[in-house]
Each structure stands twice: as structure tokens, then as C-alpha cells.
Amino acid sequence: MSRPQDPHRPFFPFGNPFRRILPKGSYLSPRLLALLNTFELALSERLRKLKPKDREDVLSLSWMRFAMELLCQTHTDIKTIITELELPVCDWDDKWIDVYLDNSVKLLDICIAFSSELSRVNQGHLLLQCALHNLDASSSNQFVRSCSSLNGWKQHISSKNPKLANCFAILDSLIATLNLPKVKNSAKGKVLMRAMYGVKVITVFVCSVFAAAFSGSASKLTDLQVLETCLWAEDFTDVQGYINGEIRNIFSGGRVSVLKELEAVDVSVKKLYPIIHDGVGCTESEALQNSITDLGKRAARLSQGLDLLAKQVDGFFQIVLTGRDALLCNLRVGVLDSIRETDNVEKQALR
């Protein structure tokens, strides 16, 4: 995808700065243009923040939490735009409503799958705690139990979560609805659809990264081609290329897990296991004690990171759910108002 090379004017090469925002022939009032511009520039800034300074931070739990936090902020922004547009649901095109409701259900399903996987991985923390607890004792039987717990953890982590199976199919269906719909005779509708396009793009991108990380496969990473006229397009292309490229490098490097903290625990387990499996003459062995301490710290860091990310995913779930409920509520109110108007007209006609 070719991009303008002039760093001083990446989006506004000449004339009216809003000329590139919408297709030729579209007219928006200065207020609507400013509303759309503010939204897209905020999205662009978030995308720039999503690109970590250190490549090692890609797919750390802290980065994933930050990505989900930015996604929550963007979905909250779309609610603000709907309010500021003063565009009642009764004025929405039926296709917009159908797509929104369908996509929101799919996002809820993805959130449930992600929450399930975070919970599954975190359940392995109990096995690590059992192993560490048994290592506090000096008997050989306790060493055997610790080995059993560590084996159980490795098997647990390497197992597959069936709830993740449909994530990629759901993402494919979301991508199929990314095309910006044609909007006729509604300037507010054009702004709404343009903003929703940006929300859907960043949502599909973040969820695609999460799905690839949780499933352990980079083959389904999504490389989206977006409208160059969007103010956030260049930043999106940059961060998408950077993140997806790093994830592919991680997988090609043969790491057990692309999740940074999970990989760190796996390294510690591999270091500790042969020490206790082969037996240690003295429980005060420096290598043993160092390995136990290291695993304890890394396991605690992993568990805490998983908890925080799970809360952020749940926050996103709630935002999508409340948005969907609000739309359905407004639709019901609109139907009731329409029925009342019809009844009033009929009553007046009978008088």
C-alpha cells in the first residue's frame, strides 16, 4: 500500500483538509466534519500508543491489557458520537441495525472465549503452587509430588481450549462486514458509518492478535487493507505490520508460548524439573533454591497479569453488552411511539 512520503503533510496535501475524509460529492457541515475529525485523530493517537517501544513487550500481558483498554475507550467514543450526532435509532437504516446487532453478538462470543482461555491458563497456577509447596519439605516423596505437579502443569498448558475454535470463523465474518456502506441522504449517517468503520477495524485487529496468541498459531493473523482516506489509516498500517510481524517472528523462533509471562514460567519449570527429578543430596542446594525462588516470582507475575487482563476483557464485554441493550431498548421505544402515533391518527380520523 503506497503512502504519501512527506512527513509534514501526511493527510492534507492541499486545500480543504476534510476533502479526503469522505467520498467526492459528500457534504458535511463544519460541525459534523469536526466531530468526525476529532474521533479519527483520537483513534490515530491510540494506534500510535499501541506500538511498543521495545519489541519484547509485544504480547506481554501488560501490552495485551493496554490494547484491550484502548479498545474499550474506542467503543465508548462511538457511544459519545451517537449521542452528539443526535441521530435517533428510528432514523437508522435497517441494514445498520442488523449489522450492529449481529456484530455485537459475535464480539460477545469472542469475549467469552477469551475469558475462558485466561481462566484455563490461570488454573494452572494451582499446580505450580502445589509443586512449590511440596518443595518446602525435604523428603524424596515430596520431590516426586512436585515433579507430578510440574508435569501436570505442562500438560495443562499444552492442552487446547475448544471454545477458541470458532474465534477465527467469527473474525472472518466480521471482516466480511467491514466495507463502508453507502449512505444516502443522511450526513449524520455518513459520519456514524465512517466512525463505526474505524471501530470495527481496530476491534478485528486486536481480537485477531489475541486469538492468534491464545491459539498458538500465527497462520490466521489478519492483515487488513483499510481505506487510505481515513486519518488513522497510516498509523493503523504501521502498527498492524509491526505487531503481526513480531508475532510471526515469535512463532517462527519455536517458543512454546507467545505470551511473554507464560513463556517465562515455562523456562523456569524446565530449569527446575531436572533438578528435583534427578534428586538433590541437600535441600539447601543453591541451584535448587534459586530455581524455586525464580519460579515462584514468575508464577505470581503470570497469575497477576492474567487476572488484570481478564478484568479488562470483562470490561469490554460489558461495554459491548450495554451498547447492544441500549440499541434494543431504543428500538422498542421507537416501535411503541410509532404505534401511539398511529393510534392517535386513527382516533382523530374517527372523530
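Coordinates for the structure precede this section.
Predicted model only: the values in this text are computed from it and were never measured.

Cut-offs and rules
Residues numbered from 1 in each chain as written. Predicted model: local features only at pLDDT ≥ 70, side-chain atom pairs only at ≥ 80, totals over all residues. Heavy atoms only, no water. Core = buried A, V, L, I, M, F, W, Y, C linked by side-chain atoms within 4.5 Å. Buried < 20%, exposed > 50% of the residue type's maximum accessible area, 1.4 Å probe, protein only. Helix = DSSP H or I, 4+ residues; strand = E, 2+ residues; numbered from the N terminus. Contact = heavy atoms within 4.5 Å. 1 Å grid on protein atoms, 1.4 Å probe; cavity = no way out; pocket = protein on both sides within 12 Å on 5 of 7 lines; lining within 4 Å. Points joined across faces, edges and corners; volume = space filled by probe spheres on them. Nonpolar A, V, L, I, M, F, W, Y, C, P; charged D, E, K, R; others polar. Axes fitted to C-alpha atoms, helices over the stretch in contact; angles between N-to-C directions. Parallel < 35°, antiparallel > 145°, perpendicular 65-115°, else oblique. Left-handed = near helix turned anticlockwise from the far one by under 90°. Disulfide = S-S within 2.5 Å. Phe/Tyr/Trp six-rings, centres within 6.5 Å; stacked < 30°, edge-to-face > 60°.

K.L.:
Explain the nonpolar core residue by residue, including any values.
P.N.:
Grouped together as the largest cluster of nonpolar side chains are 106 residues, with contacts concentrated most on Leu59, Met64, Phe114, Leu150, Phe210, Trp232 and Ile243. Here the element with the most residues in this core is helix 6 (residues 187–215); it accounts for 19 residues. With sequence-adjacent residues up to four places away left out, Phe210 is seen in contact with Met64, Ala67, Met68, Phe114 and Leu309.

K.L.:
Go over empty space enclosed by the protein, please, and point to the residues and values.
P.N.:
With the rule as written, the count across this model stands at 1 cavity of 30 Å³ or more. Roughly 40 Å³ of volume is contained in the largest cavity. In this structure, the largest cavity is lined by Val121, Asn122, Gly124, His125, Leu128, Ala299, Leu302, Ser303 and Leu306. Per-element accounting of the lining of the largest cavity gives the leading share, 5 residues, to helix 3 (residues 94–134). Along the lines of polarity and charge, the residues of the lining of the largest cavity split into 5 nonpolar, 4 polar and no charged.

K.L.:
Please give an account of the packing of helix 1 (residues 30–50) against helix 7 (residues 233–252) that cites residues and values.
P.N.:
Orientation of helix 1 relative to helix 7, taken along the N-to-C sense of each, is 20 degrees, at an axis distance of 9 Å. Classified by the interaxial angle, the pair formed by helix 1 and helix 7 is roughly parallel. Helix 1 and helix 7 meet at a crossing whose hand is left-handed. Taking contact as the criterion, the partners of Ser44, Leu47, Arg48 and Leu50 in helix 1 are, on helix 7, Asp235, Phe236, Val239 and Ile243. In terms of residue class, the contact of helix 1 with helix 7 is made up of 5 nonpolar, 1 polar and 2 charged.

K.L.:
Lay out the state of the cysteines with the relevant residues and their values.
P.N.:
Structurally, a disulfide amounts to a covalent bond that connects the sulfur atoms of two cysteines. In the structure shown here, the tally under the stated rule is 0 disulfides. This cysteine, Cys207, is not joined by any disulfide, and Cys111 carries the nearest cysteine sulfur, 6.5 Å off.

K.L.:
Provide a residue-level description of the packing of aromatic side chains, including the pertinent values.
P.N.:
This structure, assessed with the given rule, holds 8 aromatic pairs. Relative to Phe210, the ring of Phe114 has its centre 5.6 Å away and its plane inclined at 35 degrees; by these criteria the two rings are tilted. Of this pair, Phe114 sits in helix 3 while Phe210 sits in helix 6; the two residues are 96 residues apart in sequence, bridging distant segments of the chain. Each member of the pair Phe114 and Phe210 is classed as buried. Ring centres 5.4 Å apart and planes at 65 degrees place the aromatic pair Phe114 and Phe214 in the edge-to-face group.

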